[in-house]
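Below are the chains, spelled out letter by letter.
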Amino acid sequence: MSTAYGPVAADWWVGADEAAAVFAQAGVDGQVEAVRAEAHQLPFEEGSFDAIVSIDAFEYFGTADSYLPYLVRFLRPGGQLGIATPALTREVRELGAVPAHIKALVGWEAIAWRTPEWWRFQWEITELVTVTSARLQEDAWRDWLLWSRAGAEHLPEGRAAYQPVIDMLTADAGEFLSFALVTARKQDRDPAAA
C-alpha cells in the first residue's frame, strides 16, 4: 500500500527551510510540504502522487532516456505529469549550432532546451504515458523577458544577474527562445508487464 502525499514542493537548490518561509509569507504554510530532494533520488513511495508538475527545471534532468520511466513510478495509474521548460523553436541538430546570442550566455547547455515535438516523442516512445499536449507557449520569450526585468528591478542580485538574460531575450525576439508546455497521463498498466 502506498502513502499518499499532500502538496509537496521538492527542490534541490532551495532548502526546505527557505521554501517553508516563502510558503508562510504567502499564507500557505501547513498546506505545502517543502522537501529538499535531488531529481534522481526522490524520497517518495511509488504511486504516491496524482500529479507531478515541473516548472523551469526539467531541462536539467529530464532529457535522459531513463528519467521519465523513473519519474512516473511516483504517479498513480492515470496520474498526470506536466512540465513548463525552456525550449528552442527548432532543434539544435536542425540548426547546426546553438545560436550565438544564446551560446554566449548558456553555452552548450541549450542543447537540453528541446522542442515540444522532441518531448512528445521522448515520452510516447516509452508507452508509459499518453501525451495529452505538447506545444510552445505563445510569446513565451516576452513573459520570460518581463520576469527577468522584474528580477533585475526587485531582487537582491538584481541587474547583475538578470541583465545577461534580458540581453539574450531581447536579441532573440522570439526567433528561437520559448517554453515547451507538455502534459501527459500515466498509463493504467506497465506496457512491459503485458
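Residues numbered from 1 in each chain as written. Predicted model: local features only at pLDDT ≥ 70, side-chain atom pairs only at ≥ 80, totals over all residues. Heavy atoms only, no water.

Participant: Just checking my understanding: could you explain the environment of valine 98 for this structure?
Facilitator: Locating valine 98 in the fold gives a position in the loop between helix H4 (92-95) and helix H5 (100-106). In the structure, valine 98 is positioned 20 residues away from tryptophan 118 in sequence and 16 Å away in space, judged by C-alpha atoms. Apart from residues no more than four positions distant in its own chain, valine 98 is found in contact with Val92, Lys103, Gly107, Ala110 and Ile111. (Helix = DSSP H or I, 4+ residues; strand = E, 2+ residues; numbered from the N terminus. Contact = heavy atoms within 4.5 Å.)

Participant: Can you help me understand the nonpolar core in this one?
Facilitator: Soluble globular proteins tend to bury their nonpolar side chains together. Among the nonpolar cores identified, the biggest contains 30 residues, and Leu42, Phe58, Tyr67, Trp119, Trp123 and Val182 are the most heavily contacted of them. Looking at this core, the elements with two or more residues in it are strand E3 (49-55), helix H2 (58-61), helix H3 (67-72), strand E4 (75-88), helix H6 (116-124), strand E5 (129-136) and strand E6 (177-186). Per element, the largest residue contribution to this core is 5 residues, and it comes from H3. Not counting residues up to four positions away in its chain, the partners in contact with tryptophan 119 are Phe58, Gly62, Thr63, Ile83, Thr85, Arg114, Ala180 and Val182. With 21 residues, the next largest nonpolar core counts Ala110, Trp144, Tyr162 and Leu169 among its residues. (Core = buried A, V, L, I, M, F, W, Y, C linked by side-chain atoms within 4.5 Å. Buried < 20%, exposed > 50% of the residue type's maximum accessible area, 1.4 Å probe, protein only.)

Participant: Could you clarify how one ought to interpret the side chain of threonine 85 in this entry?
Facilitator: Relative to the elements of secondary structure, threonine 85 occurs in strand E4. There is a polar contact of 2.6 Å between the side chain of threonine 85 and the side chain of glutamate 59. Apart from residues lying up to four places away in sequence, threonine 85 is in contact with Phe58, Glu59, Trp119, Ser178, Phe179 and Ala180. (Polar contact = N/O pair within 3.5 Å; in protein donor to acceptor, adjacent residues only side chain to side chain.)

Participant: I keep staring at the packing of helix H7 (residues 140-154) against helix H8 (residues 158-172) and nothing clicks. Help me out?
Facilitator: Any two packed helices are characterised by how steeply their axes cross, that is the angle between the axes, and by the distance between the axes. With their axes 8 Å apart at the nearest point, H7 and H8 run at an angle of 160° to one another. When the axis of H7 is compared with that of H8, the two are roughly antiparallel. Classified by chirality, the crossing of H8 by H7 is left-handed. On the side of H7, the interface is formed by Trp141, Trp144, Leu145, Ser148, Arg149, Gly151 and Ala152, while H8 contributes Gly158, Arg159, Tyr162, Val165, Ile166, Met168, Leu169 and Thr170. The residue inventory of the contact of H7 with H8, partitioned by class, reads 9 nonpolar, 4 polar and 2 charged. (Axes fitted to C-alpha atoms, helices over the stretch in contact; angles between N-to-C directions. Parallel < 35°, antiparallel > 145°, perpendicular 65-115°, else oblique. Left-handed = near helix turned anticlockwise from the far one by under 90°. Nonpolar A, V, L, I, M, F, W, Y, C, P; charged D, E, K, R; others polar.)

Participant: How should the pattern of salt bridges be read in this particular structure?
Facilitator: When their charged atoms lie close together, side chains carrying opposite charge are able to pair. Across all of its chains, the model carries 6 salt bridges by this definition. Arginine 120 serves as the salt-bridge partner of glutamate 124, at 3.4 Å between the closest nitrogen and oxygen. Placement of the pair is glutamate 124 and arginine 120 together in helix H6, with a separation of 4 residues, close to one helical turn. Its relative accessible area of 34% is what places glutamate 124 among the partly exposed residues. With a relative accessible area of 30%, arginine 120 lands in the partly exposed category. The shortest N-O distance in the salt bridge between arginine 142 and aspartate 139 comes to 3.8 Å. Judged by its relative accessible area of 40%, aspartate 139 is partly exposed. (Salt bridge = Lys/Arg side-chain N within 4 Å of Asp/Glu carboxyl O.)

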